[in-house]
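What follows is the residue order along each chain.
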Amino acid sequence: MASSDSTAVVWFRRDLRVTDQPTFVAAAGSASRALALYVLDPALQAPAGAARRTFLHRCLRALDESLGGRLLVVRGDPVDVVPRIARAVGASSVHVAADYGPYGRRRDEAVEKALADAGSGVELVRSGSPWFTEPGSITKSDGEPYKVFTPFSREWARRLPTRQDDEGMPVDTDASTLRWMDPADKDGGPRAVRIPDDEAVDAELPAAGEQAAREQWEAFVDEHLTDYDDLRNRPDRPGTSRMSVHLKYGTVHPRTLIADARGEGTGAASFRNELCFRDFYAHVLWHFPRSARENFDPKFDRITLDTGKEAQEKFERWKDGRTGFPAVDAAMRQLRGEAWMHNRMRMTVASFLVKDLHLPWWWGATHFMDLLVDGELSSNQHGWQWAAGSGTDAAPYFRVFNPVTQGERFDPQGDYVRRWVPELAGIEGKKVHQPWKLPSPPADYPAPIVDHKVERREALDRFQRL
């Protein structure tokens, strides 16, 4: 039972919403009022990229509005500022959604220790997480982690709610669940800072905030969930949910998506499977944090990779969408134009970088994290390793995506290519995927940077030598 004059701090991180908030429930059970806090952490801000920082700041403005202007934003190392904030408001507890990433775990352990060392008895309370299943909670019967997706997915599916009152359903909260204190009432501590203005971002970013997430999700359920399994691989069609960025920042929780996608159809089942993949990669990262930077399968440390000036030049052409392979170039230009890329095309361009250009997967992974508005460390790094063959459930070494075939199969009329590669806009139908075969190829579009058949054989030779 909360005492009449007790205070809790609710420290927002990747849960920038007021509905379905386990932290609110926990805080309400221990305090009569709460301070809403967000810490602009330089360790996370610096490497985020302009698109992610701008989207975050827009989400913070939306959250602040939901809380009636009572979100306290400070800047600094959380290990320093969070205990000082707790002391300034006389808090007895700090409430967070648990972070299972390598940096987040270290940070929270350090904050917990700093709170304890302050001698004030302030507790760091973890409630929920950004995942449907908390990383580390699904293991084999002997306690060992799953390294293969399919058996993991079977166990994950057993956690799905089957009735409205089952565990795993959204929590009933809103802004009125807690009585929010005015940040101006705190006694000292770190000073409040303005939520930063938008940065100069060339990409067209999606709408930010909880309301935008809800509207995007409802539109997808109404218009595309039923045929999601049929259209999710088509970059020329609006068949995906575009919810990855909202899951990244917690403007929606996967519980909500799963609750609405519990149908028996193939579309709902396929969508749940993608959420399962998201959880799987978070579990893998929790058990194997080195896999964020290193090959999950260490034998791939010995594979021959191209380096040097020529390799760097090819990398720059890949980044700029000037490889001469229209599907690859369209995807890389979409990345710059929307700070997002269709998942089928993420696989295509990753395979091209690693197996046609023979470049390190982490070059591509870093470039993605620089530009993606939905950049999620666990999904990005392990998705890249899937393409490289060095990760869990990796694509076998003999699976080399043909960039022409991928375009012809999943962009059959060439609409996706024509949208993002204007040099090819005048080429009709599937001919757009092989412009070099035309009697008069466009003069302002490059010839293919490599011969795919030759480089495929080279990739197989390098893998076989392992």
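Before any of the text, the structure's been laid out above.
Once a new chain begins, its residue numbering starts again from 1 and follows that chain's sequence as written. Local features in a predicted model are, by the rule used here, given only for residues with pLDDT of at least 70; side-chain atom pairs are given and counted only at 80 or more, and totals for whole chains, interfaces and linings are based on all residues. Side-chain descriptors were evaluated using all non-hydrogen atoms of the structure, hydrogens and water having been removed beforehand.

(A) Expanded view of the environment of Phe-296. In this structure, Phe-296 sits in the loop between α11 (266-287) and α12 (308-320). Owing to a relative accessible area of 11%, Phe-296 belongs among the buried residues under this scheme. Taking the C-alpha atoms as reference points, Phe-296 and Pro-360, 64 residues apart in sequence, are found 14 Å from one another. If we skip the residues at most four places from it in the chain, Phe-296 touches Lys-147, Val-284, Phe-288, Arg-290, Ser-291, Gln-385, Ser-390, Gly-391 and Thr-392. Every helix listed is a DSSP run of H or I at least four residues long, and every strand listed is a run of E at least two residues long, numbered separately from the N terminus. A 1.4 Å probe rolled over the protein chains alone gives each residue an accessible area, and that area as a share of the maximum for its type sets the label: buried under 20%, exposed over 50%, partly exposed in between. It only takes one pair of heavy atoms within 4.5 Å for two residues to be counted as in contact.

(B) Spotlight on the sheet that holds strand β4 (residues 93-96). One bridge is not enough; two strands pair if DSSP finds at least two bridges between them. Reading across from one edge, β3-β2-β1-β4-β5 is the order of the 5 strands in this open sheet, with parallel pairing throughout. Looking at the sheet topology across the chains shown, the edges are occupied by β3 (71-75) and β5 (123-126). On average, adjacent strands in this sheet sit at an angle of 30 degrees to one another, irrespective of strand direction. Where strand β2 (residues 33-40) and β3 come together, 5 bridges link them in parallel fashion. Within β3, the position partnered with Tyr-38 by the bridge is Val-73. Docked against the sheet, helix α3 (residues 50-66) engages β1 (7-12), β2 and β3, running at close to 165 degrees with respect to β2. Only C-alpha atoms enter the line fits that serve as axes; for helices the fit covers just the stretch in contact. Angles between N-to-C directions range over 0 to 180 degrees. Along the sheet, helix α4 (residues 78-89) contacts β1, β2, β3 and β4; its crossing angle with β2, the most-contacted strand, is approximately 160 degrees.

(C) Molecular detail of the side chain of Arg-344. For Arg-344, the position within the fold is in helix α14 (residues 343-356). Charge counting follows a simple rule: Lys and Arg are positive, Asp and Glu are negative, and His as well as the terminal groups are ignored. Here a salt bridge means any side-chain nitrogen of Lys or Arg lying within 4 Å of a carboxyl oxygen belonging to Asp or Glu. Within the buried core, Arg-344 has no salt-bridge partner, and the shortest N-O distance to an opposite charge, that of Glu-274, equals 9.0 Å. We call two N or O atoms a polar contact when they sit within 3.5 Å, provided that within protein one can donate a hydrogen and the other can accept it, with sequence-adjacent residues counted only if both atoms are side-chain atoms. Within the structure, Arg-344 has its side chain in polar contact with the side chain of Gln-406 (distance 3.1 Å). Setting aside anything within four residues of it in sequence, one finds Arg-344 in contact with Asn-233, Phe-401, Gln-406 and Phe-410.

(D) Inspection of the packing of helix α15 (residues 361-371) against helix α16 (residues 377-388) at higher detail. Where α15 contacts α16, the axes come no closer than 10 Å and their chain directions differ by 150 degrees. Every pair of crossing elements has a handedness; the one defined by α15 and α16 is right-handed. Facing Trp-361, Gly-364, Ala-365, Phe-368 and Met-369 of α15, the residues of α16 in contact are Leu-377, Asn-380, Gln-381, Trp-384, Gln-385 and Ala-388. Crossing handedness is defined as follows: a turn of the near helix away from the far one that is anticlockwise and smaller than a right angle gives a left-handed crossing, while the clockwise case is right-handed.

Remember, this is a structural readout, not a statement about activity or role.
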